[in-house]
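Observations on the model geometry
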Amino acid sequence: MTSPASGPRLGRMLTAMATAFHDDGSVDLDGTARIAAHLVDHGHDGVVVSGTTGESPTTTVAEDGDILRAVKDAVGDRAVVVAGVGTNATAHSVELARQAEKLGADALLLVTPYYNKPGQAGVLHHFRTVVESTGVPVMLYDVPGRTGTQIALETYAAAKEWDTVVAVKDAVGDYARGVKIMQMGYDLYSGDDVSTLGWLAHGAQGVVSVVGHAAGDQIAGMIRDFLAGDHHAALATYTTLLPATDAVMGVPNYGATTAKAALQLLGVLDNRNVRGPLVPLTDEEVAALREGLVASGLIT
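Residue indices begin from 1 for each chain and proceed along its sequence in written order. It should be noted that, the model being predicted, local features are given only for residues of pLDDT at least 70 and side-chain atom pairs only at 80 or more, the latter also being counted only at that level, while totals for whole chains, interfaces and linings use all residues. Side-chain measures here rest on the full set of heavy atoms in the structure, leaving out hydrogens and waters.

Examining unusual backbone geometry
Spelled out, the test is: A run of H or I in DSSP counts as a helix once it spans at least four residues, and a run of E counts as a strand once it spans at least two, with each numbered from the N terminus.
Of note, the amide linkage connecting G276 to P277 takes the cis form, showing an omega dihedral of 20 degrees. Assignment of secondary structure puts P277 in the loop between helix 11 (256–266) and helix 12 (283–295). Not every positive phi belongs to a glycine, and E55 is a case in point at roughly 60 degrees. The topology assignment puts E55 in the loop between strand 2 (46–49) and helix 2 (61–75). Positive phi values are uncommon outside glycine, yet K117 reaches one of about 55 degrees.

Focus: the sheet that holds strand 2
In a beta sheet, neighbouring strands are held together by backbone hydrogen bonds and run either parallel or antiparallel to one another. Using the following cut-off: Any two strands with at least two DSSP bridges between them are considered paired. Only the contacting stretch of a helix is used when fitting its axis, a line to C-alpha atoms as for every element, and angles between N-to-C directions run 0 to 180 degrees. Should any heavy atoms of two residues lie within 4.5 Å, those residues are counted as being in contact.
The parallel closed barrel is built from 8 strands, whose spatial order is 1-2-3-4-5-6-7-8. Put simply, the sheet's adjacent strands are angled 25 degrees from each other on average, direction ignored. Two strands pair when backbone bridges link them, and strand 1 (residues 13–16) and strand 2 are joined in this way by 3 bridges, in the parallel orientation. Bridging from a neighbouring strand, L14 pairs with G46 of strand 2. Seen against the sheet, helix 4 (residues 120–131) touches strand 4 (107–111), strand 5 (138–142) and strand 6 (165–170) and runs at an angle of roughly 160 degrees to strand 4.

Focus: the side chain of E55
To be explicit about the condition: Relative accessibility under 20% of the residue-type maximum defines a buried residue, over 50% an exposed one, and the middle range a partly exposed one, all with a 1.4 Å probe and only protein chains included. The term polar contact refers here to a pair of N or O atoms within 3.5 Å; inside protein, the definition further demands a hydrogen-donor-capable atom paired with an acceptor-capable atom, and it admits residues adjacent in sequence only when both atoms are side-chain atoms.
Given the relative accessible area of 3%, E55 is considered buried. Polar contacts involving the side chain of E55 include one to the side chain of K260, which spans 2.6 Å. Apart from the residues lying within four places of it in its own chain, the contact partners of E55 are T19, F21, A256, K260, N273, V274, R275 and L278.

Topic: the pattern of salt bridges
We count it as follows: Definition used for salt bridges: Asp or Glu carboxyl oxygen within 4 Å of a side-chain nitrogen of Lys or Arg.
By the definition in use, this model includes 8 salt bridges. Here R69 ties to D66 by a salt bridge, and the two come within 3.0 Å at their closest N and O atoms. Linking R69 with D66, this pair stays in helix 2, spanning 3 residues, or about one helical turn. Since its relative accessible area comes to 39%, R69 is described here as partly exposed.

Some points on the packing of aromatic side chains
Under the convention used in this document: Planes of paired rings set the category: under 30 degrees apart is stacked, over 60 is edge-to-face and the rest tilted, where pairs are Phe, Tyr or Trp rings (Trp by its six-membered ring) whose centres lie within 6.5 Å.
Following the criterion strictly, the structure yields 2 aromatic pairs and no others. Their ring planes at 75 degrees and their centres at 5.5 Å tell us that Y156 and Y186 sit as a pair that is edge-to-face. Within this pair, whereas Y156 is found in helix 6 (residues 153–159), its partner Y186 is found in the loop between helix 7 (175–183) and strand 7 (187–190), the two being separated by 30 residues in sequence. Judged by its relative accessible area of 3%, Y186 is buried. Ring geometry for Y175 against W199: centres 4.8 Å apart, planes inclined by 80 degrees, an arrangement best described as edge-to-face. Pair noted here: Y175 is in helix 7 and W199 is in helix 8 (residues 196–201), with a separation of 24 residues, a long-range link.

Re the UniProt feature "site: Part of a proton relay during catalysis" (unreviewed entry) in the protein
Put simply, the rule is: UniProt positions are given in the numbering used here, feature names are shortened, and annotations may be inferred rather than shown by experiment.
Following the UniProt record, one finds the feature "site: Part of a proton relay during catalysis" (unreviewed entry) at T52 and Y115. For the annotated residues, spread through 64 residues, the largest C-alpha to C-alpha distance comes to 14.0 Å, consistent with a single compact locus. Residue placement: T52 occurs in the loop between strand 2 and helix 2. A residue is classified by how much of its surface remains accessible, and T52, at 35% relative accessible area, is partly exposed. One can find Y115 in the loop between strand 4 and helix 4. Once residues within four sequence positions are removed from consideration, Y115 is found in contact with N88 and T147.

In structure tokens, the structure reads:
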């Protein structure tokens, strides 16, 4: 598989990238490829496609395949490409996982089934079925704020018995719990930009970002500084980025909406189209986003 020259197999600086859409709502593969190339040109070791920020609940299996293919073609061997395959239907996730393996995904992002709220036995069954359907490395995604279910430590311990389950994207934010997960042998990644520096201090490998759409170089530099022992420099970068972080993550419909508006402000995209039930940022919300990006020195 594609891997960074050094460090963890999936890299340290990754972003859950947005998916571009045309005005008619169809997937804009050229625009999506531009996003991927932009990220890799600006500090990224890898990208995650077809996650929540990629609006995966609204895309079809065929569209997910087209997106993955376009991104792989755009980044080549310069970055790891992680394919989101998490859904709330196990058979659907298996279909996506097998497609991703066929198309050359370097890893899979597998979120806890959402809305159904299965018990831990159901979570483990879902994970086992998807993991065993391919030989591709897997990053589990724990985001109870979106799924309604948190992965129990016992479930993590059971899942670690599968050799291909190698990493966790954590959006729970419990550092002590995260250390216990890392002690099981997982590479842990911050799933919340505001927590990244704290996670690094607790031994995490890196971040799966959203703010990275606009601040990839800066976040990558913060990670490098922290790991090199220059904690003052890392904190200075973190502090500088707080206005942008608040602007990207601090609105009710953050994620795809703010990421694409930021990319429009940066000139990577010529629109900020999203699919329902999301709606694009209003002009007033874009103005607030611009203010945050300017305050962090990311645009002028």
